[in-house]
Amino acid sequence: MELEELLHKHFGYSSFRPGQREVIEAILQEKDVMALLPTGMGKSLCYQLPAYILDKPVLIVSPLLSLMQDQVEELKRFGEKRVVALNSFLSLTEKRYVLHYLEQYRFIFTSPEMLLQQQVQDKLAQVKLGLIVVDEAHCISQWGYDFRPDYLRIGEWLSRHNRPPLLALSATATSKVMQDIRETLSLKEPFEFMYNVDRPNIHLGRIVLEDKADKASWLMRHVKETAGPGILYVSSRKRAQQYSEAFLQAGIRTAAYHAGYGAEDRQFIQQQFIDGELDWIVATNAFGMGINKQDIRQVIHESMPANIANYMQEIGRAGRDGESALAILLYSDGDEELAKFVVTGDLPSPQHVDRYEELISQQVLPAQMLKNGELGETAFRVLDYWMQQETKEQVKARLNHLALEKYHAVDEMLKIIQTKDCIREHLVGYFGQKLQKKPENCCENCGIHYDEIKKERLTAEKKIEMISWERRLQQLLMGK
DNA sequence: TTACTAGGCAAATCTGCCTAGTAAATCTCGATTG
């Protein structure tokens, strides 16, 4: 049967989206694949279809519990029952059950942390997997070194046994991220597919303001004059709270979103935003992964993103429907200092390294440091990982190098902000690509007609109102 | 590095200024605690 026929049979689609066919063919030829596809372009189909063709279980390593849940539900909507999320949501009994019948599932979603548990590995060794997928593989690079070291351990696990082909999926594709993925996962001469990173329908604004207060008044004005849906990214939970309250007082349907909220609240806010019940989300970088909302019209950064990869991911959430969208980065002098502080603030210090070694030599568990409050949980996890890998001096050098890399990444971002040339060209160039064509309203330096965009927004708002009869009808039927 | 907050103090009975202390993002798992 042709691939198209299989696609139609299993998912009801008549044709592939760009990249899907190439990726699937490579997998079927038992090649390792690194596929860099924008979110919302059907990344998951790249493993879903092969799962049916290969007729063997597929293991998907996913960074977020919520992402796993979403994907499990999506597959269930397609009528697939043999799908499971193996994570800490399961009770001990459930986990035991799932592990016992593991080979009977077609799709097994799990976290890196769970994957590294001995009992899980033992069981997986007995299952003949058809494909291993590392979803959102940029997390290896973004989180592995200084946040979730288990991302780096995935590679060790993979190299230990005879594995099936591996598919690394991501939407972030800087050369450094790609290199980290290749190395950590030991991809064997991978087939690589990379989409065009440019998103011509997103206008790239950059506005330099005096200070924080200036930003606040600019934002209030802007948000009142233009329509959402939009995401405002801020640098702290507290500020997310403050802005969302201010917007609410101005009569704008807004919610704050950050990791300080529980899973249920976050799910609820996210759903409200997706359903069009909120105009703005004011969020920390916790918001975004796995969000598939087509009509986000604006993404504004109130403070500097830590690096270009994050920036691209965050603005890339706008305009998935192909309609015009606006990304605005607000900057005031010295913003980079705070960004640098925040991204390196959690790294263990050389003193922590010495202390760790001291405790080891005294035959005291290093976790004592954590109990004494000598350093935070993240810092300890990172320190503990590296101290098991390398000598004291190597770890010190590594941590120093990590901090320098992070500073450098902030500086690269700053260059984008400060450039007097085309911002789009600069951004695309950072990903090793060449800009094909400059769109209208390209970027701040090429010229953006903000007034026209504002008008467009207002018309868009009316359109939304017209559609809402559907919603009203639904409410009537539901008796709300 | 920055910027907000609490607390102390002067001078006046509420307010303002200064200083020291503190906090600033991302996740999962599992052990411990109230």
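On a predicted model such as this, the values are computed, not experimentally measured, just so you know. Residue positions are given per chain, counting from 1 as you read along its sequence in written order. Labels are handed out in written order, letters beginning with A for the chains and numbers beginning with 1 for the ligands. Two thresholds apply to this predicted model, a pLDDT of at least 70 for residue-level local features and 80 or more for giving and counting side-chain atom pairs, whereas whole-chain, interface and lining totals are computed over all residues. Heavy atoms from the whole structure form the basis of all side-chain values; hydrogens and water molecules are not counted.

**What to know about the overall build of chain A**
- Each helix is a run of H or I in the DSSP string that is no shorter than four residues. Each strand is a run of E no shorter than two, and both are numbered from the N terminus. What chain A contains, in helices and strands, is 21 helices and 13 strands.
- Working definition: with a 1.4 Å probe on protein chains only, accessible area under 20% of the residue-type maximum means buried, over 50% means exposed, and in between means partly exposed. The buried share of chain A, reckoned over its 480 residues, is 52%.
- Restricting to contacts in chain A with at least 6 residues of sequence separation, those with at least 24 account for 74%.
- Note that accessible areas follow from Shrake-Rupley with a 1.4 Å probe, and for residues the cover is restricted to the protein chains shown. Counting every atom, chain A has about 23300 Å² of accessible surface; 50% of that belongs to carbon and sulfur.
- His is not counted here, nor are the chain ends, while Lys and Arg score as positive and Asp and Glu score as negative. All charge positions are set by atom: Lys at NZ, Arg at CZ, Asp at CG, Glu at CD. The averaged location of the 67 negative side-chain charges in chain A is 3 Å from the averaged location of its 59 positive side-chain charges. Pairs of residues are marked as contacts when any of their non-hydrogen atoms sit within 4.5 Å.

**As for the sheet that holds strand E10 (residues 254-257)**
- Note: two strands are recorded as paired if DSSP finds a minimum of 2 bridges between them. The six strands lie next to each other as E8-E13-E12-E9-E11-E10, forming an open sheet whose pairing is parallel. The sheet is open, and its two borders are formed by strand E8 (202-208) and E10, each paired with just one other strand. Mean inter-strand twist for the sheet, computed between neighbouring axes without regard to direction, equals 15 degrees.
- Where strand E9 (residues 230-233) and strand E11 (residues 280-283) come together, four bridges link them in parallel fashion. Along E11, the bridge assignment pairs Leu232 with Val282.
- Across the sheet, helix H14 (residues 308-315) lies against E8, E9, strand E12 (298-301) and strand E13 (325-331), angled at about 150 degrees from E12, the strand it touches most. Axes here refer to lines fitted to C-alpha atoms; in helices the fit is confined to the stretch in contact. Angles between the N-to-C directions go from 0 to 180 degrees.

**Section: a nonpolar patch on the surface**
- Candidates for patches are residues over 30% relative accessible area with no salt bridge; among them, like charges are joined within 9 Å and nonpolar side chains (Val, Leu, Ile, Met, Phe, Trp, Tyr) within 5 Å. The rule for a salt bridge is simple: a side-chain nitrogen of Lys or Arg has to be within 4 Å of a carboxyl oxygen of Asp or Glu. There is a patch of nonpolar side chains on the surface, built from Leu338, Phe341 and Val342 and spanning about 310 Å² of accessible area.
- Position of Phe341 relative to the elements: it lies in helix H15 (residues 335-344).

**A closer look at the domain arrangement of chain A**
- Where each domain starts and ends follows an automatic or database-derived domain assignment. Each assigned domain of chain A is listed here: domain 1 (3-194) and domain 2 (202-229 + 293-338 + 412-472).
- Computed from C-alpha coordinates alone, the two centres of domain 1 and domain 2 are separated by 32 Å.
- Accessible-area loss on putting two parts together, using a 1.4 Å probe and summing over both, is the definition of buried area adopted here. Interface area, domain 1 with domain 2, both sides summed: about 670 Å², of which 52% is carbon and sulfur.
- Taken as a group, Thr172, Thr174 and Met194 account for 51% of the area that domain 1 buries against domain 2, more than any other trio of residues on that side.
- Connecting domain 1 to domain 2 are zero salt bridges.
- Counting of polar contacts relies on pairs of N or O atoms within 3.5 Å, with two restrictions inside protein: one atom must be capable of donating a hydrogen and the other of accepting it, and residues adjacent in sequence are counted only when both atoms are side-chain atoms. For the pair domain 1 and domain 2, the number of links is one residue pair in polar contact (both at pLDDT 80 or more).
- In this classification, Asp, Glu, Lys and Arg are treated as charged, Ala, Val, Leu, Ile, Met, Phe, Trp, Tyr, Cys and Pro as nonpolar, and every other residue, Gly included, as polar. Of the residues in the side of domain 1 that touches domain 2, the class split is three nonpolar, five polar and no charged.

**Here's the deal with the sheet that holds strand E3 (residues 83-86)**
- Pairing is parallel across the open sheet formed by seven strands, whose spatial order is E3-E4-E2-E5-E6-E1-E7. Sheet topology places E3 and strand E7 (191-194) at the edges, where each strand pairs with a single neighbour. Across this sheet, the average inter-strand angle for adjacent strands is 15 degrees, counted without regard to direction.
- Note: strand E2 (residues 58-61) against strand E5 (residues 131-134), four bridges, orientation parallel. Note that in E5 the partner of Val58 across the bridge is Leu131.
- Helix H4 (residues 65-77) contacts E3 and strand E4 (107-110) of the sheet and is inclined by roughly 170 degrees relative to E3.

**A word on the packing of helix H5 (residues 92-100) against helix H7 (residues 118-126)**
- Two elements in contact, H5 and H7, have axes separated by 10 Å at closest approach and are oriented at 20 degrees. Between H5 and H7, the crossing angle belongs to the class labelled roughly parallel. Here Lys95, Leu99 and His100 of H5 come into contact with H7, specifically with Gln119, Val120 and Lys123.
- Taken together, the residues of the contact of H5 with H7 sort by class into two nonpolar, two polar and two charged. Working definition: roughly parallel below 35 degrees, roughly antiparallel above 145 degrees, roughly perpendicular at 65 to 115 degrees, and oblique for all remaining angles.

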